[in-house]
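# Remarks on the overall topology
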Amino acid sequence: MSKDKDNNGNGSSTSGGDLPVKPDPTKSGGRGREGIGNIYCLLVGINNYADSCFGPLEGCVTDVNSIERFLKENHFLFKVNGAGKEQTIKEDKRSLTYQSYEIPRDDYGQLNICKLTNNLATRQGVIDGFELFLTQAKSDDSIWFHFSGHGTEIPTAEEFTHLDNGKDNCLICQDIKK
């Protein structure tokens with residue numbers, strides 16, 4: 001086995017030429033291959049907005065349900081078994097509920113899905129989704145965020161105008177007021 005340095009001076013182990021050393025499955029917290037952990041998915045879909053100036057949409061909740069079905073049946077080449085276990089996170093006066101599914105593969109942890117649709121997809125609900133739910137993810141976990149609803153553009157900060165069209169894309173939460 002040789003120890004090589006990349007361009008930044010970091011070491012990388014190789015064996016048999018350029019092949020990376022196979023990760024040790026005993027060092028992954030009992031989840032199989034190192035680097036593949038739990039999956040945290042925050043799915044937001046809004047058909048109906050509190051302010052009537054934002055017209056109703058027809059397919060956003062359907063989009064979220066389709067993404068959820070895809071994650072449970074097709075993604076990562078597995079199909080989760082049965083219904084998920086309902087989990088609730090409580091912090092101060094905030095709480096958030098999500099479903100947790102066991103992934104029937106030795107090299108994955110759990111699939112965790114938090115769905116916020118219509119009146120649950122408020123500004124505070126989305127903030128809670130990020131702060132309470134997605135922050136559970138560790139370094140070997142994956143995060144998936146999906147938003148389906150109204151959006152808008154606003155001018156970007158001056159130092160970023162050279163990167164794109166000079167505008168930032170924004171999500172519009174269910175409880176927005178004009």
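Now for a description of the structure that goes with this document. (Residues numbered from 1 in each chain as written. Predicted model: local features only at pLDDT ≥ 70, side-chain atom pairs only at ≥ 80, totals over all residues. Heavy atoms only, no water.)

## Describing a nonpolar patch on the surface
A cluster of nonpolar residues, Phe130, Phe145 and Leu171, forms a patch on the protein surface that exposes about 260 Å² of accessible area. Along the polypeptide, phenylalanine 145 turns up in strand S7 (residues 142–148). (Patch = residues over 30% accessible without salt bridge, like charges linked within 9 Å, V, L, I, M, F, W, Y side chains within 5 Å. Areas by Shrake-Rupley, 256 points an atom, 1.4 Å probe, with all protein chains shown as cover. Salt bridge = Lys/Arg side-chain N within 4 Å of Asp/Glu carboxyl O. Helix = DSSP H or I, 4+ residues; strand = E, 2+ residues; numbered from the N terminus.)

## With respect to the sheet that holds S7
The mixed open sheet is built from 5 strands, whose spatial order is S4-S5-S6-S3-S7. Two strands bound the open sheet, and with one partner strand each, they are strand S4 (85–91) and S7. For this sheet the average axis-to-axis angle between neighbouring strands, irrespective of direction, equals 25°. Looking at chain direction, S4 and strand S5 (residues 94–102) are connected through 7 bridges and run antiparallel. Directly across from lysine 85, in S5, lies its bridge partner serine 100. Across the sheet, helix H1 (residues 60–73) is in contact with strand S3 (39–45), S5, strand S6 (110–117) and S7; its angle to S6 comes to roughly 175°. (Pairing = 2+ DSSP bridges. Axes fitted to C-alpha atoms, helices over the stretch in contact; angles between N-to-C directions. Contact = heavy atoms within 4.5 Å.)

## Remarks on helix H2 (residues 123–133)
Buried within H2 are the following residues: Gly125, Val126, Asp128, Gly129, Leu132 and Phe133. The arc that holds every buried residue of H2, seen down its axis, measures 155°, which confines them to one face. Looking at the packing, one finds that the buried side of H2 touches S3, S4, S5 and S6. (Buried < 20%, exposed > 50% of the residue type's maximum accessible area, 1.4 Å probe, protein only. Arc of directions from axis to C-beta.)

## Observations concerning the pattern of salt bridges
Scanning the model with the defined rule gives 4 salt bridges in all. Salt-bridge contacts for glutamate 68 lead to lysine 115; the nearest nitrogen and oxygen are separated by 3.0 Å. Within this pair, whereas glutamate 68 is found in helix H1, its partner lysine 115 is found in strand S6, the two being separated by 47 residues in sequence. By relative accessible area, lysine 115 is classed as partly exposed at 30%. The partner of glutamate 91 in a salt bridge is arginine 94, and the shortest N-O contact between them spans 3.0 Å.

## Let's talk about the environment of leucine 134
In this structure, leucine 134 sits in the loop between H2 and S7. Here the alpha-carbon distance between leucine 134 and asparagine 112, two residues 22 residues apart in the chain, equals 9.6 Å.

## Observations concerning unusual backbone geometry
If you check the backbone angles, aspartate 92 has positive phi at about 55° while not being a glycine. Its location among the elements puts aspartate 92 in the loop between S4 and S5. The class of aspartate 92 is exposed, set by a relative accessible area of 78%. Phi at asparagine 118 takes a positive value of approximately 45°, unusual for a residue other than glycine. Locating asparagine 118 in the fold gives a position in the loop between S6 and H2.

## Details of the side chain of threonine 122
Among the secondary structure elements, threonine 122 is positioned in the loop between S6 and H2. Once residues lying within four places of it in the same chain are set aside, the contact partners of threonine 122 are Cys173, Gln174 and Asp175.

## Some details on the nonpolar core
Counting residues in hydrophobic clusters, the biggest one holds 19 residues, and the most contacted among them are Leu42, Val44, Cys114, Leu116 and Phe133. Apart from the residues lying within four places of it in its own chain, the contact partners of phenylalanine 133 are Tyr40, Cys41, Leu42, Ile89, Leu96, Tyr98, Asn112, Ile113, Cys114 and Asp128. By size, the runner-up hydrophobic cluster in this structure holds 11 residues, among which are Ile39, Cys41, Ile67 and Leu71. (Core = buried A, V, L, I, M, F, W, Y, C linked by side-chain atoms within 4.5 Å.)

These figures come from the coordinates and say nothing about function on their own.
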